[in-house]
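Architecture at a glance
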Amino acid sequence: MKDTAAIAGDKTAGTVHTDAVLVPEGSADRRYAYSAWTLAFLGQGVEDAYTIYRNPIVLRFLRWLLGVGTVLVFGGSIVDFSRLPQDQAWLLTVIRVAAAMGMAAALALTWTAWVQRNLQAFITVGACLVHCIWLVSVPIVGPGIAEYTGVLPINIMLTFLVSGLMFQRARFVAAVAAMTYSAALAWQLGGAALAPIFYLVLSALYAGFAAYVAERARREAWAEGNRSEELLLNVLPPSIATRMKSGEALIADRFDEAAVLFADIVGFTRMSAGMQPDKLVAVLDDIFRRFDLIALELDLEKIKTIGDCYMVACGLPKERGTDAWRIADAALRMQQEIAKVAEKHGRPLDVRVGIHCGPVVAGVIGHSKFIYDLWGDTVNLASRLESTAEPGTIQISQEMQDRLAGQYTTDFRGEIEMKGKGQQPVWVLRGRA
């Protein structure tokens, strides 16, 4: 993707201009920047994603266009016989029949997998054939072409606005067609072709401008929708987001085999008292970004952060794996990453972790600022295990110990008083066996 960091500064119609690149305003990562000339998205894979989204919509309209066009091409013979000698009209009718049969065949092809995969190339070829068929009829009509000049701007507009051809292709097809039409008019009408050519070019420019504005608006709307979707998926698991978008008002599920991890940055609150706000946030952001990557790689569900505490779970929602080793590995990797952050920033950082497994209730709460959260004794005990752990250690419950036995090395710490839970047996996770 091209570098779009150097922003020129002027803002028009909700976009930031960067030389020949347009970036919809509010786009933080510039993935949805697009060329000002072709409107093609510059981000890797983004243009392909837009084409995949757009093609089914185009396909529906294209089928209507081909169906109606087949009828209208036949109907044009009535005009031919009313204005041309019979020999010319019959010759044009043969061409019309061939064109109509071609459109009917194209309509049938739109249900094939190849056309659906290569729709833009298919429309490009079709648009070129439409213009070629008209040009073939020019020598037949001769000077009578003056009667048909009104069709030429319509053909250009079909290329730009109705066919579903994207602007980056349509501009070339329409430009070549307009120049060829102008040459045909000049050949048949001589000096009298000046006015028809002027109106033809003017129509092409208007149609091109309208197509440019319409496609740019569609692309920006799609990009904005994608960004909103990505933001939603940063807050909610994909399956939960889908349920919310489908209109489900109350989302609550029970999971009998979930594991919950709380990780707290030891001494961070004390350290924050003597740090500049931007440096403080930078360190915490570095830590949590690393934790997010661990959760992603091990198929865990990040639940939330509370100050300098990080909460993650496995076994929920339904698309997540339930293996206890995932969350154990996450805890061990968190220890490794916090050591790297401490060395990088020159700060005395450590992490203490608590893990417990069992039944939980998960759901979405809130209206204006909703959150996917967990409730139940499993969550409470995991939190108590974290708060009573020694700095730099991973404290796990008896239930987690039973699931990890033989796979990991652990030390029995003893029974510890847990608020609201009484005496609980506690183990310290050391590493893989």
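Counting of residues starts from 1 at the beginning of each chain's written sequence and follows it residue by residue. Selection of residues for local features in this predicted model requires a pLDDT of at least 70, selection of side-chain atom pairs for listing and counting requires 80 or more, and totals for whole chains, interfaces and linings are taken over all residues. Hydrogens and waters are ignored; side-chain quantities use all the structure's heavy atoms.

A look at the overall build of the protein chain
Put simply, the rule is: Each helix is a run of DSSP H or I of at least 4 residues and each strand a run of E of at least 2, with the numbering of both proceeding from the N terminus. Three exposure classes are used, based on accessible area relative to the maximum for each residue type with a 1.4 Å probe and protein chains only: buried under 20%, partly exposed in between, and exposed over 50%. Whether two residues are in contact is decided by their heavy atoms: any pair within 4.5 Å suffices. Shrake-Rupley sampling with a 1.4 Å probe provides the accessible areas, and residues are treated as covered by the protein chains on show and by no other component.
For the protein chain, the helix and strand inventory stands at 13 helices and 12 strands. Counting over 433 residues, the protein chain shows a buried share of 46%. Looking at the protein chain alone, contacts between residues at least 24 apart form 65% of all its contacts between residues at least 6 apart. Counting only carbon and sulfur atoms, one obtains 61% of the accessible surface of the protein chain, whose full area is about 22300 Å².

Remarks on helix 12 (residues 377–387)
Heads up, the condition is: By definition, the arc is the one covered by directions from the helix axis to the C-beta atoms.
Buried within helix 12 we find Thr-378, Val-379, Leu-381, Ala-382, Leu-385 and Glu-386. Along helix 12, the residues classed as buried sweep out an arc of 170 degrees about the axis, all on the same side.

Focus on the nonpolar core
Note the following rule: Among buried residues, those of type Ala, Val, Leu, Ile, Met, Phe, Trp, Tyr and Cys that are joined through side-chain atoms within 4.5 Å constitute a nonpolar core.
Counting residues in hydrophobic clusters, the biggest one holds 47 residues, and the most contacted among them are Phe-41, Leu-119, Ile-156, Phe-160 and Leu-185. At the level of elements, helix 1 (46–83), helix 2 (86–109), helix 4 (119–141), helix 5 (151–162), helix 6 (167–189) and helix 7 (194–235) are the ones that each hand at least two residues to this core. Top element by residues in this core is helix 6. It accounts for 10 residues. If you look at the next biggest cluster of nonpolar residues, it comprises 42 residues, including Ile-287, Phe-291, Val-351 and Ile-394.

Observations regarding the pattern of salt bridges
Put simply, the test is: Whenever a carboxyl oxygen of Asp or Glu lies within 4 Å of a side-chain nitrogen of Lys or Arg, that contact is scored as a salt bridge.
Applying the stated criterion across every chain yields a total of 20 salt bridges. Arg-432 is the salt-bridge partner of Asp-329, the closest N and O atoms lying 3.0 Å from each other. With Asp-329 in helix 11 (residues 324–345) and Arg-432 in strand 12 (residues 422–432), the pair connects residues that are 103 residues apart, well separated along the chain. In this structure Asp-329 comes out as buried when scored by relative accessible area, which is 14%. The partly exposed category is assigned to Arg-432, whose relative accessible area is 47%. Salt bridges sharing partners connect three or more residues here, namely Asp-286, Arg-290, Glu-337, Lys-340 and Lys-344.

Notes on the packing of helix 10 (residues 277–297) against helix 11
Test applied: Axis geometry follows a simple rule: fit a line to the C-alpha atoms, using only the stretch in contact for helices, then measure angles between N-to-C directions, giving values from 0 to 180 degrees. Roughly parallel means an angle under 35 degrees; roughly antiparallel, over 145; roughly perpendicular, 65 to 115; everything else is oblique. The sense of a crossing depends on the near helix, which, turned anticlockwise from the far helix by less than a right angle, makes the crossing left-handed and, turned clockwise, makes it right-handed.
Contact geometry of helix 10 with helix 11 gives a least axis separation of 10 Å together with a crossing angle of 150 degrees. Here helix 10 is positioned roughly antiparallel relative to helix 11, judged by the angle of their axes. The hand of the helix 10/helix 11 crossing is right-handed. Contacts from Val-283, Asp-286, Ile-287, Arg-290, Phe-291, Ile-294 and Glu-297 in helix 10 reach Ala-330, Arg-333, Met-334, Glu-337, Ile-338, Lys-340, Val-341, Lys-344 and His-345 in helix 11.

A look at the packing of aromatic side chains
To keep things clear, this is the line we draw: Between rings of Phe, Tyr and Trp, where Trp is taken as its six-membered ring, a pair exists when centres lie within 6.5 Å; planes separated by under 30 degrees are stacked, by over 60 edge-to-face, and by other angles tilted.
This model, assessed by the stated rule, comprises 15 aromatic pairs. Plain terms: the ring middles of Phe-41 and Trp-222 are 5.4 Å apart, the flat faces sit at 45 degrees to each other, and that makes the pair tilted. Placement of Phe-41 in the loop between strand 4 (34–35) and helix 1 and of Trp-222 in helix 7 is noted, with a sequence separation of 181 residues between them. The buried category is assigned to Phe-41, whose relative accessible area is 5%.

Remarks on unusual backbone geometry
Cis rather than trans, the peptide bond between Leu-316 and Pro-317 has omega equal to -15 degrees. Its place among the elements puts Pro-317 in the loop between strand 7 (309–314) and helix 11. Positive phi, normally seen in glycine, also occurs at Leu-39, with a value near 70 degrees. Mapped onto the elements of the fold, Leu-39 is located in the loop between strand 4 and helix 1. By relative accessible area, Leu-39 is classed as buried at 0%. The phi torsion at Asp-299 lies on the positive side, around 60 degrees, for a residue other than glycine.

What about the environment of Ser-239?
Here Ser-239 lies in helix 8 (residues 238–245). Overall, the relative accessible area of 26% leaves Ser-239 in the partly exposed class. Expressed as a C-alpha distance, the spacing of Ser-239 and Pro-317, which sit 78 residues apart in the sequence, is 7.7 Å.

Some words on helix 10
Rules: In this analysis, the expected span of each helix is defined as 1.5 Å times one less than the number of residues it contains.
With 21 residues, helix 10 extends 30 Å from end C-alpha to end C-alpha; this agrees with the ideal 30 Å at 1.5 Å per step. The set of residues buried in helix 10 consists of Leu-280, Val-283, Leu-284, Asp-286, Ile-287, Phe-288, Phe-291, Ile-294 and Ala-295. Of the surrounding secondary structure, the elements contacted by the buried residues of helix 10 are strand 5 (252–266), helix 9 (268–272), strand 6 (301–306), strand 7 and helix 11. Of the residues one or two after helix 10, Asp-299 is the one with positive phi, at around 60 degrees.

Brief notes about the packing of helix 5 against helix 6
Relative to each other, helix 5 and helix 6 sit at 170 degrees, their axes nearing to 9 Å. Relative to helix 6, helix 5 is oriented roughly antiparallel. Here helix 5 and helix 6 pass one another in a crossing that is right-handed. Counting all contacts with helix 5, which are made through Leu-152, Asn-155, Ile-156, Thr-159 and Phe-160, the residues of helix 6 involved are Phe-167, Ala-170, Arg-171, Val-173, Ala-174, Ala-177, Ala-178, Tyr-181 and Leu-185.

A few points about the environment of Val-73
Topologically, Val-73 is positioned in helix 1. Taking the C-alpha atoms as reference points, Val-73 and Ala-100, separated by 27 residues in sequence, lie 6.1 Å from one another. Every residue in contact with Val-73, bar those within four places of it in the chain, is listed here: Arg-96, Ala-99, Ala-100 and Met-103.

Structural notes on the pairing of strand 10 (residues 394–397)
Put simply, the rule reads: Strand pairing is defined by DSSP finding a minimum of two bridges between the two strands.
Side chains Ile-394 and Ile-396 of strand 10 all project onto a buried face; the interleaved residues Gln-395 and Ser-397 project onto the opposite face, where all are buried too. The sheet contact formed by strand 8 (residues 350–365) and strand 10 spans three bridges and is parallel. For Gly-354, the partnering residue across the bridge sits in strand 10 and is Gln-395. Where strand 10 meets strand 12, four bridges bridge the pair, whose relative direction is antiparallel. Across the sheet, residue Gln-395 finds its bridge partner in strand 12, namely Val-428.

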